Amino acid sequence: MSRPDAHDPLSVGGAAYRRSSDHRRAVVDQFEIFIGFLAFWGLILLAITVWLEVTGQSALGWALGLFAVLLAMAGLWKLRRRVLRGEKDEFKG
């Protein structure tokens, strides 16, 4: 029986994390803390944006802020995956 994360390209935790060096794990842990921080503020911005939309006020600025937070989270997640996999070339597609 094979492990479910053995061939799944989206699975970056588990076995890949356990095979990592201590330094790489520490860096990944820092990424996860910062992603969690951004996720918290993303939820706050989402709640504010929804509230403003429901009450009929302008929510464009808050929605753009939420979009920026989501883009930052996506970029950090991609960088976290590269660090976890140990890729050396940052400009590889």
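Residues numbered from 1 in each chain as written. Predicted model: local features only at pLDDT ≥ 70, side-chain atom pairs only at ≥ 80, totals over all residues. Heavy atoms only, no water.

Some points on the packing of aromatic side chains
Stage number 1. What the rule picks out here adds up to three aromatic pairs.
Stage number 2. Note on Phe34 and Phe37: the rings are 6.2 Å apart at their centroids and 15° apart in plane angle, and the pair reads as stacked. Residue Phe34 and its partner Phe37 are located together in helix 2 (residues 22–54), separated by three residues, close to a single helical turn.
Stage number 3. Take Phe37: its relative accessible area is 46%, and that puts it in the partly exposed class. (Phe/Tyr/Trp six-rings, centres within 6.5 Å; stacked < 30°, edge-to-face > 60°. Helix = DSSP H or I, 4+ residues; strand = E, 2+ residues; numbered from the N terminus. Buried < 20%, exposed > 50% of the residue type's maximum accessible area, 1.4 Å probe, protein only.)

Here we look at the nonpolar core
One broad rule of soluble globular proteins: the nonpolar side chains tend to lie buried together.
Stage number 1. Listed in full, the eight residues of the largest apolar core are Phe31, Ile35, Leu38, Leu45, Leu66, Val69, Met73 and Leu76.
Stage number 2. Of all the elements in the fold, those that place two or more residues in this core are helix 2 and helix 3 (60–85).
Stage number 3. Among all residues touching Leu76, those that are not within four sequence positions of it are Phe31, Phe34, Ile35 and Leu38. (Core = buried A, V, L, I, M, F, W, Y, C linked by side-chain atoms within 4.5 Å. Contact = heavy atoms within 4.5 Å.)

A few points about the pattern of salt bridges
Stage number 1. Taken as a whole and judged by the stated rule, the model has one salt bridge.
Stage number 2. Close ionic contact of Arg80 with Glu32 constitutes a salt bridge, the shortest N to O distance being 2.7 Å. You can see Arg80 sitting in helix 3 and its partner Glu32 sitting in helix 2, a full 48 residues away along the chain. (Salt bridge = Lys/Arg side-chain N within 4 Å of Asp/Glu carboxyl O.)

A word on helix 2
Stage number 1. Along its 33 residues, helix 2 runs 47 Å from first to last C-alpha, staying within 8% of the 48 Å computed at 1.5 Å per residue.
Stage number 2. Within the span of helix 2, buried status applies to Val28, Phe31, Ile35, Leu38, Gly42, Leu45, Thr49 and Leu52.
Stage number 3. The positive-phi residue at the C-terminal boundary of helix 2 is Gly56, with phi of around 85°. (Expected span 1.5 Å × (residues − 1).)

Looking at the confidence of the model for the chain
Stage number 1. For the chain, per-residue confidence averages 81 on the pLDDT scale, and residues scoring 70 or more make up 71% of the total.
Stage number 2. Averaged over each element, pLDDT in the chain is lowest for helix 1 (residues 15–19) (60) and highest for helix 3 (92). (pLDDT = per-residue confidence, 0-100.)

Considerations on the environment of Leu70
Stage number 1. The topology assignment puts Leu70 in helix 3.
Stage number 2. For Leu70, a relative accessible area of 45% translates into the label partly exposed.
Stage number 3. Between the C-alpha atom of Leu70 and that of Trp41, which follows or precedes it by 29 residues, the distance is 10.0 Å.

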